[in-house]
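Examining the three-dimensional arrangement
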Amino acid sequence: MTTLRLRPEDPADTGPVRRVLAAAFARPDVTTPPEVVLVDELRGSDAWIPELAMVAECGGEVVGYALLTRVRVKSEQGAAPALALGPVAVAPHRQRVGHGTAVVQAALDAATELGERLVVVLGSPAYYRRFGFGRADRMGLTSPWSGLGEPWQALVLPPATSDAAPPPRGEVVFPPPWSKV
């Protein structure tokens with residue numbers, strides 16, 4: 001059995017990551033899925049955090065991907081940093097064997113190690129609940145996707161110290177590349 005290796009993306013992974021995203025999000029009505037374009041544009045933005053772009057590699061092949069990028073939570077007190085999870089993708093021939101769970105957990109673990117406190121995601125509540133995500137609106141977080149209810153989710157990561165401030169509340173502001181998804 002081949003071991004799954006989890007690691008941050010490196011520049012040589014750009015093509016393989018694009019292929020995984022394109023296969024995982026393929027639709028008959030588009031040549032290039034918007035998730036591929038999103039990742040390409042996020043790589044060139046201030047939202048990009050190289051340590052939080054995780055790949056799952058099996059037998060030298062990139063088979064999974066999870067990306068955390070910078071967002072801001074605006075409130076009356078100012079803007080606080082947070083992270084957005086997505087896209088998450090697994091090559092179709094490797095789905096339903098735990099690679100997605102593994103690569104998402106690796107990204108969340110890396111974010112915790114960096115001292116991050118809050119992650120938001122828009123996705124399946126049944127899937128993301130396994131990581132501890134819950135309804136973002138119940139945590140005082142709004143976004144363009146707030147009206148979707150349960151799929152708009154957030155996760156508070158463990159604090160680096162016991163005297164850490166509570167996670168921010170307010171409007172989550174995504175970087176410009178997200179407006180195209």
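Residues numbered from 1 in each chain as written. Predicted model: local features only at pLDDT ≥ 70, side-chain atom pairs only at ≥ 80, totals over all residues. Heavy atoms only, no water.

Secondary structure summary: the protein chain contains four helices and nine strands in total. Along the protein chain, helices (α) and strands (β) appear in the sequence β-α-α-β-β-β-α-β-α-β-β-β-β when read from the amino end. Whereas a compact globule of 181 residues would reach a radius of gyration of roughly 16 Å, the protein chain reaches 16 Å, a difference of no more than 12%. Taken along the three principal axes of its C-alpha coordinates, the protein chain extends 45 × 40 × 30 Å. (Helix = DSSP H or I, 4+ residues; strand = E, 2+ residues; numbered from the N terminus. Rg over C-alpha atoms; globule rule 2.2 N^0.38 Å.)

Another point: the packing of helix α1 (residues 14–24) against helix α2 (residues 34–43). Where α1 contacts α2, the two axes come as close as 8 Å, and the packing angle between them is 150°. Considering their axes alone, α1 and α2 lie roughly antiparallel with respect to each other. Taking contact as the criterion, the partners of Thr14, Val17, Arg18, Leu21 and Ala22 in α1 are, on α2, Glu35, Val36, Val39, Asp40 and Arg43. (Axes fitted to C-alpha atoms, helices over the stretch in contact; angles between N-to-C directions. Parallel < 35°, antiparallel > 145°, perpendicular 65-115°, else oblique. Contact = heavy atoms within 4.5 Å.)

Because each turn of an α-helix spans 3.6 residues, side chains separated by three or four positions in sequence point in the same direction. For helix α3 (residues 99–113), which comprises 15 residues, the first-to-last C-alpha distance of 21 Å matches the rise-based estimate of 21 Å (1.5 Å per residue) to within 8%. What α3 keeps buried is the set His99, Gly100, Val103, Val104, Ala106, Ala107, Leu108, Ala110 and Ala111. Backbone geometry just after α3 places Gly115 at a positive phi near 85°. (Expected span 1.5 Å × (residues − 1). Buried < 20%, exposed > 50% of the residue type's maximum accessible area, 1.4 Å probe, protein only.)

Turning our attention to the pattern of salt bridges. In total, this model carries eleven salt bridges according to the counting rule given. With its nearest N and O atoms 2.8 Å apart, the salt bridge here joins Arg43 to Glu9. In this pair, Arg43 sits in helix α2 while Glu9 sits in the loop between β1 (4–8) and α1, placing the two residues 34 residues apart along the sequence. The residues Arg43 and Glu9 share a single accessibility class, namely buried. (Salt bridge = Lys/Arg side-chain N within 4 Å of Asp/Glu carboxyl O.)

Moving on, we come to the environment of Phe25. The residue Phe25 is located in the loop between α1 and α2 in this model. With relative accessibility at 23%, the residue Phe25 sits in the partly exposed group. Sequence separation of Phe25 and Val90 is 65 residues, and the distance between their C-alpha atoms is 9.4 Å. The residues touching Phe25, leaving out its near neighbours within four places in the chain, are Pro33, Glu35, Pro87, Val88 and Ala89.

Among the five residues in strand β5 (residues 118–122), four count as buried, and that is most of the element. As paired elements, strand β4 (residues 78–90) and β5 share two bridges and run parallel to each other. Bridging from a neighbouring strand, Ala84 pairs with Val120 of β5. The parallel pair β4 and β5, bridged by α3, forms a crossover whose chirality is right-handed. Pairing of β5 with strand β8 (residues 152–156) involves five bridges; the strand directions are antiparallel. For Val119, the partnering residue across the bridge sits in β8 and is Leu155. (Pairing = 2+ DSSP bridges. Right-handed = clockwise from strand over helix to strand, strands pointing away.)

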